[in-house]
Structure formats: C-alpha cells, structure tokens
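A structural walkthrough
One letter stands for each residue in the lines below.
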Amino acid sequence: MRATVDIDGDGLARVEMCRGSGNAIDLAMARALLDAARECEKARARAVLLTGRGRSFCVGGDLKEFAALPGERLATHLTDVTDALHGALRILAGLDAPLVVAVQGAVAGAGLGLVGAADVSLAASDAGFTAAYTAIGYTPDAGVSWSLPRLVGPRRAVDLLLTNRRVTAAEALQMGLVSRVVAPERLNEEAVQTAAALARGATAAYRATRRLVGRALSADLDEHLDAEARQLAAAAVSAEGREGVAAFLAGRRPEFVRLEGAGSEAARFGGVGSSVARSEDAVSDVERSEGVGSDFTRPDVARSEGAQSEGERTVDASPGAAGPASARPGAAPPGPP
C-alpha cells in the first residue's frame, strides 16, 4: 500500500501517502500518486487534501531503490518514476479542485515539489525543508525548479537548490514557500477544515482564478487585463456567480455544491466566449486564450477505468512493481526525486 484516497459527499478528496515514516517515493509510490490523481479527476473532486502519514511528509526519492540498479537500468527506472510522478502533478494542476497540502517533519526532494504544487500549503511548526538534489549529484524533478523560483524568487531558489540548506517552517512562511504554519497537534484539523471549506466553495471560480494567477507571471499586462475582464463577465452570468450574489443579498450562505453538474449559462452568453461553470463537454475559450493558462501543461493521460464510489480506497502500484524500501531512522539521507 502506497496511498489511500477517500472522497466524501461534498467532493473533498483526501489523499494520504503511507509508506514508512518518511513516505520515500519509489516507482510504486509514484504510480500510486498517479492513480490517486486520476481517481480525483474521474470523481470530479471539488477539493483535494494531500498528506503524508508518519513522522515526515515526504523525504524525496527512495535512494536505496535507486542504488540497487546499475547503469542504464537506473536511467530507465528514474524515467519511469518521473513519468508517473509528473503525470500526477499535471492532472492535479488541471483539476477544477484546489489542492491543499499539509506537511510535517522532513520535506525534501520531490516532497518539496508536492508542496510547490499546492494552492494552499500548511506546515507544522516542526517541519523542515531542503532541496537535497545536488547534495547527491542529482538535479530537480517534481516541478521543483519551476515552482520554487515562482514562490521564493529566482535568486533564493538557486541558493536553496545549490546549498541544500535546511529551511525551518517559520522561514518557509516568511519566504513564501508555505501559506501557514500551525502547531503540530493542530495540523490535521486545520488542513481538513481548510480543504472542506474549499470543497463547499465556488469550484469553477477557483479554477479560473488559479489559471489567471498562474499565467500572470508571463502575461503582458494589457492581455491579462482583457483576460480578467472576459473571465469576470463569464463568472457573473454563471450559475455560481448568480448563486453567490443571490446568497449575499439574501444574507445566507451560498450553496455552490448543489450547482454541481449544472449547465453553464455563461456558455450561452453572447460576446463572453467563456464559461466558468461549464457543462461536462464545454471547453473554455478564455482558458485557451493567451491571457489565461495552466500552471502545468496537462497531458493526455488516460483516465482510470471502472465505476467510482465514495469511501476509502487503497491505491497501489500495478503487479510486478518494485517492492517497498521504507525510510527508517539511520537510512540514507533524503533525496530526489
């Protein structure tokens, strides 16, 4: 068992890595995360909470597994690991659902990439972060060299990637690597509350907002202002926009969850050209425009087969995958991917 997925009635998907005390990423773990992401996609999750069971969130790649493979076999193996892990990241980035990550203990290598992929990241006050790649002669994966400069700035990102210095939770908050720092005993409660609130929120508006922000760093200001205007007009005439305003004026909480699956009014709105709350087959012209883009380029990943049901499932690697080599005290230092 590498990861579990539990999706509740409000569409909150709780994905938990569960491999030893450090959740080191081997090929089976990477494939399990890909399967978990596919399940969240197929179930149309409204929010995703990613956690790691045990003492540490994720210490990076399984160096024992890597060291056991010679030459070309290692290169092929690492390609398989990163293909699966990066596939998971691409799917998660393409979901309507916001991604919340809660971390404790050690966060290294690909664990840092999982934090960087989050829309909201919570860290226990005892968490510590390190890149770890160049310390063993490796280079970044899991989007670390992409997300880290965007979160903490290019100069600081290079510093962290070259020196591999350990960053405390307090410093991670100060530099923008995480969103919040909480007491260790409150981490799970606050993470669940945050993710549950997002699951009840305006999911389509979240998606459009995330893409506006993701595109902002590379967009021309004039183009981006136009994209904002088009997206706002589309949101205003969508089912979510109408429900949000009606609830505000009536002094009640908006009921966005009940709108799930509703057809988009914005798609029929002349001149807008985009839908925030889309029907299943609709495609947003605004998201295809130069003004709005995704944080990751979403791959053409086949969705998992079979009916979906609520409740906990165990996601594991396919038969024949490499067996576990759980991280333990005294094991090799954490590393990538």
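See the structure shown above.
Residues numbered from 1 in each chain as written. Predicted model: local features only at pLDDT ≥ 70, side-chain atom pairs only at ≥ 80, totals over all residues. Heavy atoms only, no water.

The next thing to look at is a nonpolar patch on the surface. A contiguous nonpolar surface patch, about 390 Å² in accessible area, is contributed by V245, F248 and L249. Here F248 is to be found in helix α11 (residues 239–250). (Patch = residues over 30% accessible without salt bridge, like charges linked within 9 Å, V, L, I, M, F, W, Y side chains within 5 Å. Areas by Shrake-Rupley, 256 points an atom, 1.4 Å probe, with all protein chains shown as cover. Salt bridge = Lys/Arg side-chain N within 4 Å of Asp/Glu carboxyl O. Helix = DSSP H or I, 4+ residues; strand = E, 2+ residues; numbered from the N terminus.)

We now examine the sheet that holds strand β8 (residues 167–168). What the 3 strands build is an open sheet, ordered β5-β7-β8; its pairing is mixed. Lying at the two open borders of the sheet, with one neighbouring strand each, are β5 (106–108) and β8. As paired strands, β5 and strand β7 (residues 128–130) are joined by 3 bridges and run parallel to one another. Its bridge partner being in β7, A108 is matched across the sheet by T130. (Pairing = 2+ DSSP bridges.)

Before going further, it helps to spend a moment on the nonpolar core. Nonpolar side chains in soluble globular proteins tend to end up buried together. Core analysis: the biggest nonpolar cluster contains 55 residues, and V48, L50, F57, V103, F129 and L177 have the highest contact counts within it. The element contributing the most residues to this core is helix α1 (residues 27–42), with 8 residues. Formed by 15 residues, the second largest nonpolar core is a distinct cluster that contains L49, V182, A191 and A195. (Core = buried A, V, L, I, M, F, W, Y, C linked by side-chain atoms within 4.5 Å. Buried < 20%, exposed > 50% of the residue type's maximum accessible area, 1.4 Å probe, protein only.)

Here the focus is helix α9 (residues 203–216). Structurally, the α-helix is built with 3.6 residues per turn, so residues lying three or four positions apart point the same way. For α9, spanning 14 residues, the distance from its first C-alpha to its last is 20 Å, which sits close to the expected 20 Å at 1.5 Å a residue. Residues of α9 that are buried include every one of T203, A204, R207, A208, R210, R211 and L212, and no others. (Expected span 1.5 Å × (residues − 1).)

Phi is positive for N23, which is not a glycine, with a value near 50°. Residue position: N23 is located in the loop between β2 (12–17) and α1. You can call N23 buried: its relative accessible area is 0%. Phi angles above zero are rare outside glycine, and A142 is one such case at about 55°. Mapped onto the elements of the fold, A142 is located in the loop between β7 and α5 (144–152).

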